Amino acid sequence: MSAPNRSYDPVGVASLEPQAVQECVDAALVAIAGAIDLEALKQVRLEHSGDKSPLALANREIGALPPAAKAEVGKRMGLARAQVKDALLAREAELTVENDLRILRDETVDVTMTAERMGVGGRHPLTTMMERMSEVFVQMGYEIAEGPEAEAEWFNFDALNIGPDHPARTMQDTFFVDSVDSGVVLRTQTSPIQMRALLERSLPVYVVAPGRVYRTDELDATHTPVFHQIEGIAVDEGITMAHLKGTLDHLATMMFGTGIKTRLRPSYFPFTEPSAEIDVECFVCRGSSVEDPSSPCRTCGSEGWIEWGGCGMVNPRVLIAAGVDPERYSGFAFGMGVERTLMFRHGVTDMRDMVEGDVRFTQAFGLEV
Amino acid sequence: MRVSMTWVRDWVELPADISGREVAERLIAAGLEVESVETVGAGLDGDLTVGRVVDIEELTGFKKPIRWCQVDLGPDHGGVRGIVCGASNFIVDDHVAVAIPGTQLPGGFLIAARETYGHISDGMICSERELGLGDDHAGIMVLSNTETGVDAKALLGIGDEILDIAVTPDRGYALSIRGVAREVATAFGIDFHDRAMDLVDLPAPAVDAMPWPCDVDDARIAELFTLRRVVGFNPAAHTPAWIRRRINSAGMRPVSLAVDVTNYVMLETGQPLHAFDGAKLRGAVRASWAGSHGSFTTLDHVKRTLQPDDIVIRDDSGPLGLAGIMGGLTSEIGAESTDIVLEAAWFVSSTVAKSARRHRLSSEASRRFERGVDRVLAPYASARAAQLLLAYGGGSYVGLTAWESPYEPTVISLAGQLPARTGGLPIESSVVKERLEAVGCEVGDNATEGSADNFAVVVPPWRPDLIDPADLVEEVLRLGGYDVLPSVLPVISAGRGLTAAQRIRRRVGISLAGIGVTDVLTYPFIGDVDLDACLIASEDSRRRSVVLANPINDEQPFLRSTLIPGLLGVLRRNTARGVEHVAVSEIGRVFTAAQQISDGGVGIRPSVSRRPSQEEVSALESLLPIQPYHVAAVLSGERMRSGWWGSGQDYIWADAIEIATMVGREAGVSLSVEASQYAPWHPGRTAALSADGHTIGYAGEIDPRVLGRLGLPPRTCAFELDLSRLTDLATMVQPAPQISSAPVAKEDLALVVDHEVAASDVAAAIRDGGGVLVESVRLFDVYAGPQVPAGKRSLAFALRLRAEDRTLTAEEITRVRNDAIAAAEQRCGAVLR
Ligand SMILES: [Zn+2]
């Protein structure tokens, strides 16, 4: 390094000559362009832009110049150094992008190697089905009512106009708790909840009651001693069978799709009068299989209709047993088998699949909404 | 009830082109459940002709008797044909049904002339079974009252359609051709003439014999009881083919003329009849309570032990039959019976139902009496039966004896607009009247009600089910067709949605499924064998079992008091089916007997003619077992699978506890954990989970002895919580926490304690000792080994300290740390490591 020029020695400094500076810049630019990665660029920066780089050393010589020359040389040096610095920044940016891309490329995995590390769970489709059906009614303003599964005979039979000698008691084979004289049975239907709802709530009553029921059938492909029903009851002023039909049509639409109709056929239940069976239009063929033998329908057996459950207008005798004035109030009630609904809505062909607890059955339904 | 359409056509002038299927559709719409429509002899294609046997040659030398017959079919069907036949129940001059070559039998068998047993057999002499008419294949059909060359198909009822109708308990009248025919007539708008009420022309009673005396002990047994007698009857007389055919068409079997006639009249009119052999009767025949009459044997050869309130028919010798259900062996019609005493009666339906149920005996008669038989029909029906007996079995008519209590038909007052109000559509009063008359009611204006639009409806004697106005409404609406009802949604005010319990049950189910547990629904039946296998002690409250009087399986007569046995069964089934890692849960009710002994529950039977009192409802409720909802899970195998990422993690006791506390959080309840012992869990690996001082349930590893005994995978874990109790403790309004934005200070503490000291107690001591500045305490390491004294272990806790409003100073941090250590030392004997 030259000492500061105090004597104003009129000798020029060779390293500050334009040509020398340009050579430095050129050398720097070549080196920068040649840096293949950020590490190399770091070295280049040290060599061409660092404190000991030719340009930095030359810059110090400015002090040795006569005052008249300082301005011009200073400007030249500034431009040169800026040029190198800009080139460094640009190259750095380029190399950073390249580096990032390489790292990402190197970290690539085979995403198809995933395995189910966490076990798969699922809710039982009967549970989901009961919630789905209940939801239709809750959205309309119904509430979900419940009752005990081991139920007083009075609620299960007597209060529903099924007297001690009523033939309906022979239609259903009942589990008796303790003894046949205990007065307690496993409820054979969800209908006792009708009476409980009328006793526990103030009018009007609009409730739906999903739940477990019991009959002494042996388990086979189409029977099970433990199964599920969903019951609905509406008691209000001016309730008609047209309301029953409208409600069932709505449920059918929500469960099976727009435009699906229900059909009522006269039938008999002691706790409803008039009574009807509910058929729902086959949601698969919508009845087209009836007239067209070439495309039979497995879901409805080419009948066009599927038997779904029972319903009717609440028998005034039931209202009386609940202390409801049948002159002022009327009501409808309906009940469907949940297993049955699952069987035809989802194509379950064997009742045993629903009761055995094979996890593969339930897992197929997953967290179905 | 199997209903022959040709029989119905005897009663209704139905246009010939209306098929059985069309009739079925109309009947279904009217409320009769027609389950099937079959055609008799369906599949028979070609001629079936009546032939007369003119010659029989017995062929010998074969394994079974074979006949070479010459049968005359008349000039139009090839005259005399030679036919080989394997049956022997016919003689020369008998008429038989012959299928000639070219005819195809039901089942697709094509008749052809072919050589067999050394002759060319030019046709086939048919049996009932070959034509699909019945099961009788003992021989071929011998036809009576016919001529050579006649079409045998019409004669045999081939082509007749049979409607199989499932009759609901309210429609007893439809258990008869008469009742179904009335519905058909109404459905097609055809006039109906009730032939059952026509007077039958019987000869004047013979004077040399007496009608058989009868009596009824109590009008609660029978309101009408009749005996009609025929003597000099020919017991060898055959039942004419048309009666046999119709009995067959109804699915019953012909027996003998006297029995067949009673069945025929029952099928046609709905009135059950019973024929006694007068020679076997001793004194008056009476309907009475069984009282102390011990036992007797019914026609089905079963000895019946009578209860005092059974009703029986008896004479001086004792019980002759269960009234309205089945006759007895002693007075049965036999091959020598010439003195026929026909019983026709109206028994009280509830009494018959009770006896039939008690004796598990359902007969054609009892099915009808249970549902209700026409109150006035008995003498008409027995007259028709006597007429048939005389016509086909000869003999002399002797006369009738009868006992009857006064009959008052039911009269119902019906507001003319009630059907419209119930159906939700306009119905003219005149239409209401018209439809009720079609049912058989007499409809008059009810002047006493002071309204022109009010009917007094007299119910016909065959419709005991019509009692209330609502019953009449159903008749009016069903005859109009339910398909015309409008479809309208009721307008409902806002509901309150799901209850907290219902919401929590759903959330628990969803969250368990979300962490990989599969929901199952098991049967709630268990037995001592299940409780024993789970090592549940005899004094355990889960042994306070609710017992079923009639379980499906005698090994499992209890309702479950715990969900665990059912889930272990599911685990076993899945394991047996090759599923390796099984995590299953169930949400369902469990049952334990109420403290109070539920005895004489049937005594609590509130009147149904008013609302039960609160006391009555409470009395009913007190009978019931305690039946809360539980949630349980059984966890077996890997919770996290092993694979290329490394080894998996098996479900361990800690998972069971963690998942159980997660269930608690779903209900907004923080469950605390402490060591416990509770079967079927491992005595050293059981946590009791509690909240607010209530034990909510247990979690941990299942006792290896239980797993061994049941052959289940080792280290299987489980939890079970009382979900109902959890719900009761649910946090409904969670207060918001104070969130501090001041910096956190982290401190670790390793404390050496005795093995027996619970980690949760040490953590609690740290938290309490450290005070409000302790934000959280987390156990992150446990060490036992050479670095600590024997019988001790080191527990390492990570503390997070934070002030509400400032950065903690070093002094504050040290003070908290020292206070925490001091508390742990004092309460748990902990020493800083
Ligand atoms: Zn279909």
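Please read all numbers here as calculations on a predicted model, not as lab measurements. (Residues numbered from 1 in each chain as written. Chains lettered and ligands numbered in written order. Predicted model: local features only at pLDDT ≥ 70, side-chain atom pairs only at ≥ 80, totals over all residues. Heavy atoms only, no water.)

Caption draft 1: Region of the structure containing the overall build of chain A. Counting its secondary structure elements, chain A contains 14 helices and 9 strands. Whereas a compact globule of 369 residues would reach a radius of gyration of roughly 21 Å, chain A reaches 44 Å, over 25% beyond that. Its C-alpha atoms give chain A principal-axis dimensions of about 135 × 50 × 50 Å. Relative to its full complement of 369 residues, chain A shows a buried share of 54%. Surface accessibility of chain A: about 16100 Å² in total, with carbon and sulfur atoms responsible for 54%. Distance between charge centroids for chain A: 9 Å, based on 34 positive and 55 negative side chains. (Helix = DSSP H or I, 4+ residues; strand = E, 2+ residues; numbered from the N terminus. Rg over C-alpha atoms; globule rule 2.2 N^0.38 Å. Buried < 20%, exposed > 50% of the residue type's maximum accessible area, 1.4 Å probe, protein only. Areas by Shrake-Rupley, 256 points an atom, 1.4 Å probe, with all protein chains shown as cover. Lys, Arg positive; Asp, Glu negative; His and termini not counted. Charge placed at Lys NZ, Arg CZ, Asp CG, Glu CD.)

Caption draft 2: Structural view of the interface of chain B and chain A. Between chain B and chain A, the contact holds 102 residues from the first and 107 residues from the second. Taking both sides of the interface into account, the surface hidden between chain B and chain A amounts to around 8600 Å²; carbon and sulfur atoms contribute 58%. On the chain B side of the contact with chain A, Tyr482, Leu521 and Tyr523 of chain B bury the most area, a combined 8% of that side's loss. Across the contact surface, chain B and chain A share 10 salt bridges. The shortest N-O distance in the salt bridge between Asp158 of chain A and Arg605 of chain B comes to 2.7 Å. (Contact = heavy atoms within 4.5 Å. Buried area = accessible area lost by both parts, 1.4 Å probe. Salt bridge = Lys/Arg side-chain N within 4 Å of Asp/Glu carboxyl O.)

Caption draft 3: Expanded view of helix α2 (residues 20-30) of chain B. Those residues of α2 of chain B lying buried are Gly20, Val23, Ala24, Leu27 and Ala30 of chain B. The buried residues of α2 of chain B all sit within an arc of 125° when viewed along its axis, so they share a single face. Pointing more than 90 degrees away from the buried face of α2 of chain B are the exposed residues Arg21 and Glu25 of chain B. Packing partners of the buried residues in α2 of chain B comprise β6 (262-269) of chain A together with α1 (5-11), β2 (33-39), β11 (161-166), α4 (177-188) and α12 (469-480) of chain B. Where α2 of chain B terminates, the next one or two residues include Gly31 of chain B, which has phi positive at roughly 110°. (Arc of directions from axis to C-beta.)

Caption draft 4: Broad picture of the sheet that holds strand β19 (residues 318-322) of chain B. Residues and elements named next belong to chain B. An order of β12-β15-β18-β19-β20 is seen for the 5 strands of this open sheet, with the pairing classed as mixed. Of all the strands in the sheet, just β12 (214-216) and β20 (326-327) have a single pairing partner and so form its edges. Summarising the sheet, strand β15 (residues 285-289) and strand β18 (residues 311-315) pair through 4 bridges and their orientation is antiparallel. Across the sheet, Trp289 pairs through a bridge with Ile311, a residue of β18. (Pairing = 2+ DSSP bridges.)

Caption draft 5: Region of the structure containing the coordination of the zinc ion. Residue and element names in this part refer to chain A. Around the zinc ion, the protein contributes the donor atoms Cys282 (SG), Cys285 (SG), Cys297 (SG) and Cys300 (SG), at 2.2 to 2.3 Å from the metal centre. Classification of the site at the zinc ion rests on its 4 donor atoms, whose angles at the metal span 104 to 115°, yielding the label tetrahedral. Going along the chain, you hit the donors of the zinc ion in the pattern C-x2-C-x11-C-x2-C. (Donors = N, O, S within 2.8 Å, 3.2 Å for Na, K, Ca; no water. Tetrahedral: all angles 85-135°; square planar, octahedral: opposite > 155°, others 65-115°.)

Caption draft 6: The arrangement of the layout of surface pockets in detail. All names here are of chain B. A volume near 1300 Å³ is recorded for the second largest pocket. Trp653, Ile657, Val673, Ala759 and Ser760 are, among the 29 residues lining the second largest pocket, the residues nearest its centre. Secondary-structure elements contributing two or more residues to the lining of the second largest pocket are α17 (653-666), β34 (672-676), β35 (681-691), α20 (759-770), β39 (774-783) and β40 (792-801). Classifying every residue of the lining of the second largest pocket by side-chain character gives 15 nonpolar, 6 polar and 8 charged. For the lining of the second largest pocket, the domains that each give at least three residues are domain 5 (500-597 + 620-728) and domain 6 (745-832). (1 Å grid on protein atoms, 1.4 Å probe; cavity = no way out; pocket = protein on both sides within 12 Å on 5 of 7 lines; lining within 4 Å. Points joined across faces, edges and corners; volume = space filled by probe spheres on them. Nonpolar A, V, L, I, M, F, W, Y, C, P; charged D, E, K, R; others polar. Domains from an automatic or database assignment.)

Caption draft 7: The packing of helix α5 (residues 125-140) of chain A against helix α9 (residues 241-256) of chain A, seen in detail. All names here are of chain A. At a minimum axis separation of 11 Å, α5 and α9 run at an interaxial angle of 130°. The orientation of α5 with respect to α9, classified from their angle, is oblique. Crossing angle aside, the handedness with which α5 passes α9 is right-handed. Of the residues in α9, those in contact with Met129, Arg132, Met133, Val136, Phe137, Gln139 and Met140 of α5 are Thr247, His250, Leu251, Met254 and Met255. Looking at side-chain class alone, the contact of α5 with α9 contains 8 nonpolar, 3 polar and 1 charged residues. (Axes fitted to C-alpha atoms, helices over the stretch in contact; angles between N-to-C directions. Parallel < 35°, antiparallel > 145°, perpendicular 65-115°, else oblique. Left-handed = near helix turned anticlockwise from the far one by under 90°.)

Caption draft 8: Here's a closer look at empty space enclosed by the protein. Considering all chains together, one arrives at 3 cavities of 30 Å³ or more under this definition. Put simply, the largest cavity is a space of about 530 Å³. Counting residues per element, the ones that place at least two in the lining of the largest cavity are α5 and β4 (205-214) of chain A together with α13 (500-514) and β30 (582-589) of chain B. Of the residues belonging to the lining of the largest cavity, the class tally is 7 nonpolar, 8 polar and 12 charged. Of the voids in this model, the second largest cavity is the one considered here, and its volume is about 110 Å³. Taken together, 13 residues make up the lining of the second largest cavity; nearest its centre are Gly172, Tyr173, Thr269, Gly270 and Asp374 of chain B. At 3 residues, α4 of chain B tops the list of elements feeding residues into the lining of the second largest cavity. Of the residues in the lining of the second largest cavity, the class split is 3 nonpolar, 6 polar and 4 charged. Both of domain 1 (2-40 + 161-193) and domain 3 (214-404) of chain B provide at least three residues apiece to the lining of the second largest cavity.

Caption draft 9: Here's a closer look at the sheet that holds β2 of chain B. Residue and element names in this part refer to chain B. Within the open sheet, the 3 strands sit side by side as β1-β11-β2. Their pairing is antiparallel. Edge positions in the sheet fall to β1 (2-4) and β2, since each of these pairs with one other strand and no more. Here the strands of the sheet are splayed against their neighbours by 25° on average, with no regard to which way each runs. Sheet analysis places β1 next to β11, joined by 3 bridges and oriented antiparallel. The partner of Arg2 across the bridge, within β11, is Asp164.

Caption draft 10: Spotlight on helix α2 (residues 38-49) of chain A. All names here are of chain A. Regarding α2, the residues found buried are Leu41, Val44 and His48. Seen from one end, α2 has its buried residues packed into an arc of 55°, which puts them on one side. Opposite the buried face of α2, by more than 90 degrees, sit the exposed residues Glu39, Lys42 and Leu46. In this structure, the buried side of α2 is in contact with α1 (18-34), α3 (54-60) and α4 (67-106).

Caption draft 11: A look at the domain arrangement of chain B. Here the domain parsing of chain B yields domain 1 (2-40 + 161-193), domain 2 (48-156), domain 3 (214-404), domain 4 (411-480), domain 5 (500-597 + 620-728) and domain 6 (745-832). Spacing between the C-alpha centres of domain 2 of chain B and domain 5 of chain B amounts to 71 Å.

Caption draft 12: The arrangement of the side chain of Ser690 of chain B in detail. As for its position among the elements, Ser690 of chain B is in strand β35. In this view, Ser690 of chain B contacts Ser670, Leu671, Ser672, Glu674, Thr695 and Ile696 of chain B; residues no more than four positions away in its chain are not counted.

Caption draft 13: Structural context of the environment of Leu425 of chain B. Residue and element names in this part refer to chain B. Summarising the element assignment, Leu425 is placed in the loop between α10 (418-423) and α11 (429-439). Spatially, the C-alpha atoms of Leu425 and Ala365 are 40 Å apart, while their sequence positions differ by 60 residues. Ignoring anything within four residues of it in the chain, the contact list for Leu425 reads Ala420, Leu477, Val484, Leu485 and Pro486.

Caption draft 14: Structural detail: the environment of Ala64 of chain A. Note that Ala64 of chain A resides in the loop between α3 and α4. Each C-alpha atom, one on Ala64 of chain A and one on Val13 of chain A, is 7.8 Å from the other, the two residues being 51 residues apart in sequence.

Caption draft 15: Inspection of unusual backbone geometry at higher detail. Cis peptide bonds are those with omega within 30 degrees of zero, and the linkage from Glu273 of chain A to Pro274 of chain A qualifies with -5°. By the element assignment, Pro274 of chain A lies in strand β7 (residues 272-281). A cis amide bond links Ala679 of chain B to the next residue, Pro680 of chain B, at an omega of 5°. Here Asp692 of chain B, not a glycine, exhibits a phi torsion of approximately 55°, which is positive.

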